[in-house]
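Structural features, examined
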Amino acid sequence: MTDGSNPAGQPAFLDLLHAQRVWDIELPAFDPAAAPPTPLPLFHAWFAEAVAAGQAEAHTMTLATVDAEGLPDVRTLMLHDADERGWHFASHASSAKGRQLAARPYAALGFYWPAQGRQVRVRGPVTACSPAESRADLHARSTGALASALVGRQSEVLGSTGELDRASDAAWQRAEEEPDAEVASWTRYVVEPREVEFFQGDARRRHVRLRYRRGDGYGGGAWERELLWP
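First, a word on scope: everything that follows refers to the structure included in this document. Because the structure is predicted, anything quoted here is derived from the model rather than measured.

**Observations regarding the overall build of the chain**
- Helices and strands together make up the secondary structure of the chain, namely 6 helices and 10 strands.
- Projected onto its principal axes, the C-alpha coordinates of the chain cover approximately 65 × 55 × 40 Å.
- Expressed as a percentage of the 230 residues in the chain, the buried residues total 35%.
- Long-range pairs, those at least 24 residues apart, make up 64% of the contacts in the chain with a sequence separation of at least 6.
- Accessible surface, the chain as shown: approximately 13,700 Å² in total, 53% of it carbon and sulfur.
- Here the chain contributes 24 positively and 31 negatively charged side chains, and the mean placements of these two sets differ by 6 Å.

Listed below in structure tokens is the structure:
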């Protein structure tokens, strides 16, 4: 007999939760003394190693912003690039995240690659790219991505799934017929890193945490490196 919250034959939530294991694999070593003087090359190397290790969707990341009341908001989306300018992603300027970034242009990113027990955290100011670069970003993506952008209305209240079906079908047809269709609200953003932390997990919990921090000079200033207690 159950109370309706735990169907017969299914384990209780806490039992299931406590049965989970972390990093039942051999984890790579990480010597922070051998890390490069700037974070971007290390991020590129770790990303490539995550992909080689079979990490699914290694390009996904969490994006944290702050809303109008100063409360944190977070979601998962895709990385579009990581270069000398910063870490790139894109969305509608009219979406919740777009409005939040317009009001408070600062964000944090989080990558988690459990295949190697690694995390990367990025924090910094956010800049909207030019309309030309935003258009190029949109049209470099798949037909499905363009169709999704053409639907628009991201984060608005949806009346029914049928309404979404009709809008999505129309957008797919337009995306196939007009692969160069423009979406004025589509915006590419860049997080200019002020802090980047690399976390290497250890089975005995002697995790290695290396943080890069940048000064306030022109172009962000020089990078400093420091170790953090796990």
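**What about the nonpolar core?**
- In terms of nonpolar packing, the biggest core is built from 30 residues, with F43, W87, F111 and V120 touching the most fellow members.
- Put simply, the parts of the chain that give this core at least two residues each are α2 (39-52), β1 (60-66), β4 (86-92), β5 (106-113), β6 (118-128), β7 (186-191), β8 (195-200) and β9 (208-214).
- The biggest single contributor to this core is α2, with 5 residues.
- Discounting residues that sit within four places of it in the chain, V120 has contacts with F43, W46, L109, G110, F111, W113, V196, E197 and F198.
- Core analysis: the next-biggest nonpolar cluster, separate from the first, contains 11 residues, L138, L146, A149 and A171 among them.

**Some thoughts on the side chain of H88**
- In this structure, H88 sits in strand β4.
- A polar contact is formed between the side chain of H88 and the side chain of D83, at a distance of 2.9 Å.
- For H88, the side chain forms a polar contact with the side chain of R188, separated by 3.1 Å.
- Each residue touching H88, except ones within four places of it in the same chain, is listed here: M61, M78, L79, H80, D81, A82, D83, E133, R188, Y189 and V190.

**Structural notes on α2**
- Spanning 14 residues, α2 covers 20 Å between terminal C-alpha atoms, matching the ideal 20 Å at 1.5 Å per step.
- Regarding α2, the residues found buried are P39, L40, L42, F43, W46 and A50. One side of α2 holds all its buried residues, which, seen down the axis, span an arc of 160°.
- G54 occupies a position one or two residues after α2 and carries a positive phi of about 90°.

Rules used in this analysis
- Residues numbered from 1 in each chain as written.
- Predicted model: local features only at pLDDT ≥ 70, side-chain atom pairs only at ≥ 80, totals over all residues.
- Heavy atoms only, no water.
- Helix = DSSP H or I, 4+ residues; strand = E, 2+ residues; numbered from the N terminus.
- Buried < 20%, exposed > 50% of the residue type's maximum accessible area, 1.4 Å probe, protein only.
- Contact = heavy atoms within 4.5 Å.
- Areas by Shrake-Rupley, 256 points an atom, 1.4 Å probe, with all protein chains shown as cover.
- Lys, Arg positive; Asp, Glu negative; His and termini not counted.
- Charge placed at Lys NZ, Arg CZ, Asp CG, Glu CD.
- Core = buried A, V, L, I, M, F, W, Y, C linked by side-chain atoms within 4.5 Å.
- Polar contact = N/O pair within 3.5 Å; in protein donor to acceptor, adjacent residues only side chain to side chain.
- Expected span 1.5 Å × (residues − 1).
- Arc of directions from axis to C-beta.

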